[in-house]
Amino acid sequence: MYIIGGGVINEWAGLMREIFSFLAEEIEKNNVRLAAITGGGGKTSLLYGLGGELARSNRVLLTTTTKIFRPLPEECGDIFIGPARLCFLFARARPADSMLCAASGEENGKLLGYAPEEITQLAAGGAADILLSECDGSRGRSLKFYESWEPPVPQSCGLLLAVAGIDALGERADEAAVFRADKFRLLHRLAEGAKLTADDYLSYLRGADGPLKNAPASAKKILLLNKWENGGEEARRSLAGIIPALLESYDAVACVSLRGNRLYEYRER
């Protein structure tokens with residue numbers, strides 16, 4: 001087990017690392033060619049931030065199996081829109097140490113993704129050194145209820161990064177914090193108006209209908225507890241207390257700020 005930091009966020013200030021460079025090292029060290037991103041709010045920040053870090057020394061392809069907002073120029077300046085077969089040819093011709101965001105189409109300001117099978121083919125064929133795919137949608141909420149078809153994860157991915165915002169802890173389990181809140185409460189047996197607890201987080205994050213749904217058995221699974229800097233000391237201690245139980249389902253758990261590019265704590269099995 002590798003731990004950065006201690007129990008209180010102020011004690012970690014001198015030990016913090018950049019989460020994107022940390023994950024990029026993990027990807028390169030383990031020779032991951034395809035990584036999938038699932039879960040709640042923070043996925044797109046992770047997609048572009050990690051992609052940019054990897055593009056320092058790799059040809060990187062960013063895409064989705066759902067929909068994502070068109071990146072800002074500072075997030076990713078190059079965009080390809082077209083079928084997967086043409087994307088493969090275009091991406092293969094890209095220079096080394098570059099990043100490309102690719103989509104099958106565009107609608108209402110959002111890029112439309114490829115089918116999981118197409119993304120598997122792009123990665124297997126060598127369209128890029130590393131391919132990152134956002135495979136979930138939560139409308140910016142920290143938690144969500146999964147419909148039967150979600151999340152569309154490519155079964156060949158070697159790494160799954162699951163994101164959950166800790167800012168919903170102590171909040172009501174309604175649409176402000178949870179996507180499809182009515183169904184979420186029904187699944188987790190929460191009364192209307194109930195506030196989310198650490199035990200609710202544990203049930204959601206470890207459950208068969210949580211961010212690990214459709215995750216390949218062979219993929220390494222890392223949970224990112226996002227917005228760690230926004231939680232109070234009590235909230236952080238409460239969630240830190242469930243990390244040992246989370247490690248029964250995940251290979252590693254990281255306490256992070258994706259917007260701030262900060263890693264506060266990282267624990268492995």
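Residues numbered from 1 in each chain as written. Predicted model: local features only at pLDDT ≥ 70, side-chain atom pairs only at ≥ 80, totals over all residues. Heavy atoms only, no water.

Within the protein, the regular secondary structure consists of eight helices and 14 strands. The C-alpha radius of gyration of the protein comes to 18 Å, within 12% of the 18 Å expected for a compact globule of 269 residues. Taking all contacts inside the protein whose residues are at least 6 apart in sequence as the whole, residues at least 24 apart take part in 74%. For the protein, the exposed area adds up to about 11600 Å²; of that, 48% sits on carbon and sulfur atoms. Averaging the positions of the 32 positive and the 35 negative side-chain charges in the protein gives two centres separated by 2 Å. (Helix = DSSP H or I, 4+ residues; strand = E, 2+ residues; numbered from the N terminus. Rg over C-alpha atoms; globule rule 2.2 N^0.38 Å. Contact = heavy atoms within 4.5 Å. Areas by Shrake-Rupley, 256 points an atom, 1.4 Å probe, with all protein chains shown as cover. Lys, Arg positive; Asp, Glu negative; His and termini not counted. Charge placed at Lys NZ, Arg CZ, Asp CG, Glu CD.)

Per the counting criterion, the structure on display carries one cavity of 30 Å³ or more. Here the largest cavity is characterised by a volume of approximately 40 Å³. The wall of the largest cavity is formed by Arg59, Val60, Leu61, Ala91, Arg94, Ser98, Met99, Leu100, Ala127 and Ala128. For the lining of the largest cavity, the secondary structure elements donating two or more residues are strand 2 (59–64) and strand 5 (98–103). (1 Å grid on protein atoms, 1.4 Å probe; cavity = no way out; pocket = protein on both sides within 12 Å on 5 of 7 lines; lining within 4 Å. Points joined across faces, edges and corners; volume = space filled by probe spheres on them.)

Moving on, we get to the environment of Ala235. Among the structural elements, Ala235 can be located in helix 7 (residues 233–240). Sequence-wise, Ala235 and Ile166 are 69 residues apart; in three dimensions their C-alpha atoms are separated by 8.1 Å.

What follows covers helix 7. Of the positions making up helix 7, those classed as buried are Ala235, Arg236 and Leu239. The buried side chains of helix 7 occupy one side of the element, clustering within an arc of 95° when seen end-on. (Buried < 20%, exposed > 50% of the residue type's maximum accessible area, 1.4 Å probe, protein only. Arc of directions from axis to C-beta.)

Attention shifts here to the confidence of the model for the protein. Any residue range with low pLDDT should be treated as having predicted coordinates unsuitable for detailed reading. Within the protein, residue pLDDT values average 91, and 94% of them lie at 70 or more. Note on residues 4–14: pLDDT is under 50 here. Beyond four places in sequence and across chains, it has 23 contacts. (pLDDT = per-residue confidence, 0-100.)

Turning our eyes to something else, we now look at the packing of aromatic side chains. Under the defined criterion, the tally for this structure stands at three aromatic pairs. Ring plane angle 55° and centroid distance 5.6 Å describe the contact between Phe184 and Tyr204, whose orientation is recorded as tilted. Remark: Tyr204 occurs in helix 6 (residues 198–206) and Phe184 occurs in helix 5 (residues 181–187); sequence separation between them is 20 residues. A relative accessible area of 1% places Phe184 in the buried class. The ring of Phe69 has Lys110 sitting right over it, with the charged end atom 4.7 Å from the ring centre. Stacked on the ring of Tyr146, the Lys or Arg Lys144 has its end atom at 4.5 Å from the ring centre. (Phe/Tyr/Trp six-rings, centres within 6.5 Å; stacked < 30°, edge-to-face > 60°. Lys NZ or Arg CZ within 6 Å of the ring centre and 35° of its normal.)

Of the voids in this model, the largest pocket is the one considered here, and its volume is about 780 Å³. Forming the walls of the largest pocket are 29 residues, and the residues nearest its centre are Lys43, Glu134, Ser138, Arg139 and Gly140. For the lining of the largest pocket, the secondary structure elements donating two or more residues are helix 2 (43–54) and strand 3 (67–69).

The next point concerns the environment of Ser148. You can see Ser148 is positioned in the loop between strand 9 (143–144) and strand 10 (159–165). For the pair Ser148 and Asp209, spaced 61 residues apart in sequence, the C-alpha separation works out to 9.0 Å.

Ranked by size, the top nonpolar core spans 57 residues in total, and within it Leu61, Leu143 and Leu205 carry the most contacts. Setting aside residues no more than four positions away along its own chain, Leu205 makes contact with Ala164, Pro211, Leu212, Leu223, Leu225, Leu246 and Tyr250. Phe20, Val60, Ala103 and Leu161 belong to the second largest nonpolar core, which has 36 residues in total. (Core = buried A, V, L, I, M, F, W, Y, C linked by side-chain atoms within 4.5 Å.)

This part takes up unusual backbone geometry. In this chain, Glu150 is followed by Pro151 through a cis amide linkage whose omega measures -15°. Here Pro151 is to be found in the loop between strand 9 and strand 10. Within the chain, Asp97 stands out as a residue other than glycine whose phi angle is a positive 55°. Inspection of the secondary structure puts Asp97 in the loop between helix 3 (84–92) and strand 5. A residue is classified by how much of its surface remains accessible, and Asp97, at 45% relative accessible area, is partly exposed. If you check the backbone angles, Lys227 has positive phi at about 65° while not being a glycine. In this structure, Lys227 sits in the loop between strand 12 (220–226) and helix 7.

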